[in-house]
There are 2 protein chains.
Amino acid sequence: MITINIVAVGLLKEEFWKDAQKEYQKRLSKFCKLNIIQLQDQTKFSEEGKILAEEEKLIEKNLQGKVYLLEINSKLYSSEDFAIEIDKIAQTNSIITFVLGGSYGVSQGIKEKIKDKISFGKITLPHNLARIVLLEQIYRAFMILSGAKYHK
Amino acid sequence: MITINIVAVGLLKEEFWKDAQKEYQKRLSKFCKLNIIQLQDQTKFSEEGKILAEEEKLIEKNLQGKVYLLEINSKLYSSEDFAIEIDKIAQTNSIITFVLGGSYGVSQGIKEKIKDKISFGKITLPHNLARIVLLEQIYRAFMILSGAKYHK
């Protein structure tokens, strides 16, 4: 069974986001070993460059297997494209890691280090909702790959 | 104060989606009069064409003011584009209606009738999550237009 790591900067505070995450964790347990590696944002620092540099250090400790950065200004994927990509990578990798930045995005260093980038759209989402969208798309990918009927 | 109608096919079942919706309703109350017109999906019919035809009738009764259809295969908007569009339309309209299809999307008739379409990305989302994303983008638009700081 493939391992999927989501490395996400920022904590989920509201119960409804936590419950939405739980629901997708439950659904995904049939398809993969899912680890959500939630990193404390570094907004205790006041300067944006410092925040991103500190978050970069935390992210870098958690990059395992084939790594993708979720990045708005990169190649746009449809749900089907995303499913095909996961399927392809799973042939030769046992771990896939998706990195989701926090409120300030990610540092230039992270953008340069992680060559493979995925964009789900041109809209900016808050980090909590972005995490739920990513979980749903991973679940949808497995549903597409299993040939199951899964509605909008 | 502008009126924004969201005409959405499909009920929110899980409490976490209802609570997420409530949170954005609360936040949006500062900026607009928001009406969420939730239509019962017609999946009691077994044939897809029939479902969409019945849902079309329900949708048609609720098209007021300037109407947009959320449609994956249409013009991609960024959050900033979307804010500019809302601002422009609000100059000459007191009501904006956004239509969100259900599990089967919308009928060809609705696609032809509603000329103005918006896509937030190439990914397919379930109707419940799509509704939360739309609410968040409307909120984000008002935050952008008010010049407020609003993070990812």
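Residue positions within a chain follow its written sequence, with the count starting from 1. Chain letters and ligand numbers both follow the written order, the letters beginning at A and the numbers at 1. Per-residue local features of the predicted model are confined to residues with pLDDT of at least 70, and side-chain atom pairs are confined, for both listing and counting, to 80 or more; whole-chain, interface and lining totals are unaffected and use all residues. Heavy atoms from the whole structure form the basis of all side-chain values; hydrogens and water molecules are not counted.

What follows covers the sheet that holds strand 1 (residues 3–9) of chain B. All names here are of chain B. Two strands are counted as paired when DSSP detects at least two bridges linking them. Put simply, DSSP marks the helices as runs of H or I at least four residues long and the strands as runs of E at least two long, and each gets a number from the N terminus on. Across the sheet, five strands lie side by side as 2-1-4-3-5; this open sheet has parallel pairing. Unpaired on one side and paired on the other, strand 2 (33–39) and strand 5 (117–118) mark the two borders of the sheet. Of the strand pairs in this sheet, strand 1 and strand 2 are connected by seven bridges, and their pairing is parallel. Paired with isoleucine 6 across the two strands is isoleucine 36, which belongs to strand 2. Seen against the sheet, helix 5 (residues 127–145) touches strand 1, strand 2, strand 3 (66–70) and strand 4 (95–100) and runs at an angle of roughly 165° to strand 1. Should any heavy atoms of two residues lie within 4.5 Å, those residues are considered in contact. What counts as an axis is a line fitted to C-alpha atoms, over the stretch in contact for a helix, and the angles between N-to-C directions run from 0 to 180 degrees.

Bringing the packing of aromatic side chains into the picture now. All names here are of chain B. Here is the rule: rings of Phe, Tyr and Trp (six-membered ring for Trp) pair when centre to centre is within 6.5 Å. Planes less than 30 degrees apart are stacked, more than 60 are edge-to-face, and the remainder are tilted. Taken as a whole and judged by the stated rule, the model has 14 aromatic pairs over all chains. With 5.6 Å between their ring centres and 50° between their planes, phenylalanine 82 and phenylalanine 98 make a pair best called tilted. With phenylalanine 82 in helix 3 (residues 79–90) and phenylalanine 98 in strand 4, this residue pair connects regions lying 16 residues apart in the sequence. For the pair shown, phenylalanine 82 and phenylalanine 98 are each scored as buried. Here's how the labels work: a residue is buried when its accessible area is under 20% of the maximum for its type, exposed when over 50%, partly exposed in between, all with a 1.4 Å probe on protein chains only.

We define the nonpolar core as a collection of buried residues of types Ala, Val, Leu, Ile, Met, Phe, Trp, Tyr and Cys that are connected through side-chain atoms lying within 4.5 Å of one another. Membership of the largest hydrophobic core comes to 74 residues, with the highest contact counts inside it found for Phe82 and Phe98 of chain A together with Phe82 and Phe98 of chain B. Other than its neighbours up to four places away in sequence, phenylalanine 98 of chain B contacts Ile4, Asn5, Ile6, Val7, Tyr68, Leu70, Phe82, Ile86, Ile118, Leu134 and Ile138 of chain B.

Another point: the side chain of serine 79 of chain A. Along the chain, serine 79 of chain A turns up in helix 3 (residues 79–90). For serine 79 of chain A, the side chain forms a polar contact with the side chain of glutamine 137 of chain A, separated by 2.7 Å. For serine 79 of chain A, the contacting residues outside a window of four places in its chain are Gln137, Arg140 and Ile144 of chain A together with Lys122, Ile123 and Thr124 of chain B. N or O atoms within 3.5 Å of each other form a polar contact, as long as, within protein, one can give a hydrogen and the other can take it, and as long as residues adjacent in sequence are counted only when both atoms are side-chain atoms.

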